[in-house]
There are 2 protein chains.
Amino acid sequence: MTSSSVAMLARPATVSALTAPRVGSYCDHKEHCDSCSLRELCLPVGLERESIRLLDRIVPNRSRVKRRESLYRPGDAFGAVYAIRLGTFKTLMLAEDGREQITGCYMNGEIVGLDGIGDGRHTCGAVALEDSEVCALSFAQLCKLAHDIPALGRNLNRCISKDLCRGQHMMLLLGSMRAEERLVVFLLNLSGRYRARGYSGSEFVLRMTREEIASLLGLKLETVSRVFSRLHGEGLIQVQGRSIKLLDLPALQAMVSQGT
Amino acid sequence: MTSSSVAMLARPATVSALTAPRVGSYCDHKEHCDSCSLRELCLPVGLERESIRLLDRIVPNRSRVKRRESLYRPGDAFGAVYAIRLGTFKTLMLAEDGREQITGCYMNGEIVGLDGIGDGRHTCGAVALEDSEVCALSFAQLCKLAHDIPALGRNLNRCISKDLCRGQHMMLLLGSMRAEERLVVFLLNLSGRYRARGYSGSEFVLRMTREEIASLLGLKLETVSRVFSRLHGEGLIQVQGRSIKLLDLPALQAMVSQGT
DNA sequence: CGACTAGTTGAGGCCAGTCAATGTTGGTGG
DNA sequence: CCACCAACATTGACTGGCCTCAACTAGTCG
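These numbers come from a predicted model, not from an experiment.

Asks: How should I be thinking about the overall build of chain A in this particular structure?
Replies: Along its length, chain A carries 9 helices and 12 strands. Burial statistics for chain A: of 260 residues in total, 54% are counted as buried. Within chain A, contacts between residues separated by at least 24 positions form 71% of all contacts whose residues are at least 6 apart in sequence. Approximately 11300 Å² of chain A is accessible, and the part contributed by carbon and sulfur atoms is 52%.

Right under this line is the structure:
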């Protein structure tokens, strides 16, 4: 089952797109792990050259995923995890009544799909927020390789655990913060992650709609819009559609580190 | 660092209790994994006899943790994960301003402490809700052993990933459900887990105070109390302090699977 | 240009929070 | 064994933050 899923990824786009457009198309160029700019954020972090070469051998060509396309859907059989090479993804869960809750936002260098390891089935879905590219890693092959490269196994464990911590932080946010705090935490989080990637941490473009941000933060889109406007009015940020400029980082930090 | 942490666990109670009462006391009897009633819920699940014997060798004697004692605290160095042999634990996060958010409730056969793998430091704390017993597993030793027993490594990965999924479900709950739904989901969740352990799934005793339940569900204690009373009034449950009886499981299920 | 999607803003309502008083329970020591 | 106290829980009245509904604007794409 794992192999078939990965085999599918290697097939040309048209076929899979007609049946189930999970992974859009196939990239003809191969970027190797050891020359990838995300080497230090992704699974290879800290691995020695030779180990990276071995890892590289199980990484197939990158796959393109177009905006709005699903990488996997809730309930899908689990076969691979995906390293985001380029772009942004949201993960979402479906309630029994069909409501959709966005549970995370992942950017390049991060891994999605780890939620499927538990019981061989994805509990979440992952959808591209913009045209993106991922490296699909067969989980079976990854495990086999991790056995030969202990450091890779550790990195894998770390990735899952970090995702777990991310979830804990979201629970803290959803369980105990007011709308304004949630949004500020969200912005500061993005800021830090962009900075870690060498982009500006004070000026960036949101990849999500107001509605998606609202879902992620447990709010309604109007509330998100209103809070943006209020922060703008207070001179703390500048908002122009999805373009965000954080004008007063210290003040924003203070808003979430002190009560109220 | 890992070894020292585990060494501490093996020391008699008085010493560690005086300095840092992380793990209360030390049990003089040794229960072996292969005769443990939680074999099928815990890490050994599906392992062959010989593998379980090897795992057993790195499991030290059980440690007692008294009610209200911390197994580990947010920020503690990570060295071990803990299999709950007996009792119940809550995990909690601290906000920067000191607010405390309960992020989970774990019972026997479950593993806590996995959040520390990510960056070598626990993001959460774990506190016993009643007098409990845990098997502390040195993570370093566990990894070493997982290398020799691939199935154990898979189980470990599964445990972390399942915890991740648990978090996703909590996000769904916190992000999109109303007070009543949250509480019903919580009760049904407990019900299922008690049933999986051979206890009654329709009649059990809560280990948490109203305030703890409220924190876990992102509510206030008065709201929890009110919703309990309302459900009681509607004949769906029977509440007597912390004793709960679920009187109409199908109706409760229906409340959370249909919108509203 | 019209249809559509995304975003903003306002008015009003409701669910859950807040504050406060009272009741209940369980552990402790006389 | 019972009285006492503190922690836990319930209930009521009121408030307020966020949701709902709705109107309107600004881009975007066929």
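The discussion continues.
Asks: I keep staring at the interface of chain B and chain A and nothing clicks. Help me out?
Replies: How big an interface is tends to be stated in terms of the accessible area lost upon association of its parts. On the side of chain A, 42 residues touch chain B, which itself brings 42 residues to the contact. Buried area between chain B and chain A, summed over both chains or domains, comes out near 3800 Å², and the portion from carbon and sulfur atoms is 64%. In this structure, the connection of chain B to chain A is made through 2 salt bridges. Close ionic contact of Arg99 of chain B with Glu181 of chain A constitutes a salt bridge, the shortest N to O distance being 3.0 Å. Those elements that place two or more of their residues in the side of chain B that touches chain A are strand S5 (88-94), strand S6 (100-107), helix H4 (139-148), helix H5 (150-176) and helix H9 (249-257) of chain B. In terms of residue count, H5 of chain B provides more of the side of chain B that touches chain A than any other element does, 18 residues in total. Tallied by class, residues from the side of chain B that touches chain A come to 17 nonpolar, 17 polar and 8 charged.

Asks: Would you explain the sheet that holds strand S6 (residues 100-107) of chain A in this entry?
Replies: Where strands meet in a sheet, backbone hydrogen bonds hold them as pairs that are either parallel or antiparallel. Residues and elements named next belong to chain A. One open sheet accounts for 4 strands, arranged S3-S8-S5-S6; its pairing is antiparallel. The sheet terminates laterally at strand S3 (70-72) and S6, the two strands that pair on one side only. Each strand axis lies, on average, 30° off the axis of its neighbour in the sheet, ignoring direction. Helix H7 (residues 210-217) contacts strand S5 (88-94) and S6 of the sheet and is inclined by roughly 100° relative to S6.

Asks: It is not clear to me how the nonpolar core should be interpreted in this structure. Could you clarify?
Replies: If you look at soluble globular proteins, the nonpolar side chains tend to sit buried side by side. In terms of nonpolar packing, the biggest core is built from 76 residues, with Phe186 and Phe228 of chain A together with Phe186 and Phe228 of chain B touching the most fellow members. Beyond its immediate sequence surroundings of up to four residues, Phe228 of chain A is in contact with Leu183, Leu187, Leu206, Arg210, Ile213, Ile237, Val239 and Ile244 of chain A. In terms of nonpolar packing, the next biggest core, distinct from the first, is built from 49 residues, Leu145 and Ala146 of chain A together with Val81 and Leu145 of chain B among them.

Asks: Is there a simple way to explain helix H8 (residues 221-233) of chain B in this structure?
Replies: Within an α-helix, residues lying three or four positions from one another point in the same direction, as the helix has 3.6 residues per turn. Residue and element names in this part refer to chain B. If you check H8, its first and last C-alpha atoms are 18 Å apart, about what 13 residues at 1.5 Å a residue would give, namely 18 Å. Buried within H8 are the following residues: Val224, Val227, Phe228 and Leu231. One side of H8 holds all its buried residues, which, seen down the axis, span an arc of 105°. Residues Arg226 and Gly233 are exposed on H8 and point more than 90 degrees away from its buried face. Where H8 is buried, its residues contact helix H6 (179-196), helix H7 (210-217), strand S11 (237-240), strand S12 (243-246) and H9. Gly235 sits one or two positions beyond H8 and adopts a positive phi of about 75°.

Asks: Please explain the relation of the copies chain B and chain A as it appears in this structure.
Replies: One copy of the chain maps onto the second through a rotation around an axis plus a translation along that axis. For the pair chain B and chain A, the superposition axis carries a translation of 0.0 Å, the fit reaches an RMSD of 0.0 Å, and the rotation angle comes to 180°. One copy is carried onto the other by what is essentially a two-fold rotation axis. Rotation axis and chain B: the residue whose C-alpha lies nearest the axis is Leu164 of chain B, separated from it by 2.5 Å. When you check the interface residues of chain B against chain A, 100% turn up at the interface there too, and the contact is symmetric in its surfaces.

Asks: Is there a simple way to explain the protein's contact with DNA strand D in this structure?
Replies: Residues in close proximity to DNA strand D total 17 residues, the closest being Thr223 of chain A together with Arg210, Ser225, Arg226 and Ser229 of chain B. Within 4 Å of the protein, atoms of DNA strand D come from sugar and phosphate in 63% of cases. In the model, a base nitrogen of DNA strand D is placed 3.2 Å from a nitrogen or oxygen of the Glu222 of chain A side chain. A distance of 2.3 Å separates a phosphate oxygen of DNA strand D from a polar atom in the side chain of Thr223 of chain A. Mapped by element, the contributors of at least two residues to the surface near DNA strand D are helix H8 (221-233) of chain A together with H8 of chain B.

Asks: Which parts of the structure should I look at to understand the domain arrangement of chain A?
Replies: Residues and elements named next belong to chain A. Domain annotation for chain A reports domain 1 (3-167) and domain 2 (177-259). Interface area for domain 1 against domain 2, summed over the two sides, is near 1200 Å², with a carbon-plus-sulfur share of 52%. Contact with domain 2 buries area across many residues of domain 1, yet Ile102, Cys105 and Met107 alone supply 41% of it, more than any other trio. Seen at the junction of domain 1 and domain 2, the total is 4 salt bridges. Summed over the shared surface of domain 1 and domain 2, the number is 9 residue pairs in polar contact (both at pLDDT 80 or more). Where the side of domain 1 that touches domain 2 is concerned, the elements lending two or more residues are S5 and S6. At 8 residues, S6 tops the list of elements feeding residues into the side of domain 1 that touches domain 2.

Analysis parameters
Residues numbered from 1 in each chain as written. Chains lettered and ligands numbered in written order. Predicted model: local features only at pLDDT ≥ 70, side-chain atom pairs only at ≥ 80, totals over all residues. Heavy atoms only, no water. Helix = DSSP H or I, 4+ residues; strand = E, 2+ residues; numbered from the N terminus. Buried < 20%, exposed > 50% of the residue type's maximum accessible area, 1.4 Å probe, protein only. Contact = heavy atoms within 4.5 Å. Areas by Shrake-Rupley, 256 points an atom, 1.4 Å probe, with all protein chains shown as cover. Buried area = accessible area lost by both parts, 1.4 Å probe. Salt bridge = Lys/Arg side-chain N within 4 Å of Asp/Glu carboxyl O. Nonpolar A, V, L, I, M, F, W, Y, C, P; charged D, E, K, R; others polar. Pairing = 2+ DSSP bridges. Axes fitted to C-alpha atoms, helices over the stretch in contact; angles between N-to-C directions. Core = buried A, V, L, I, M, F, W, Y, C linked by side-chain atoms within 4.5 Å. Expected span 1.5 Å × (residues − 1). Arc of directions from axis to C-beta. Least-squares fit on C-alpha atoms with pLDDT ≥ 70 in both. Near = heavy atom within 4 Å. Polar contact = N/O pair within 3.5 Å; in protein donor to acceptor, adjacent residues only side chain to side chain. Domains from an automatic or database assignment.

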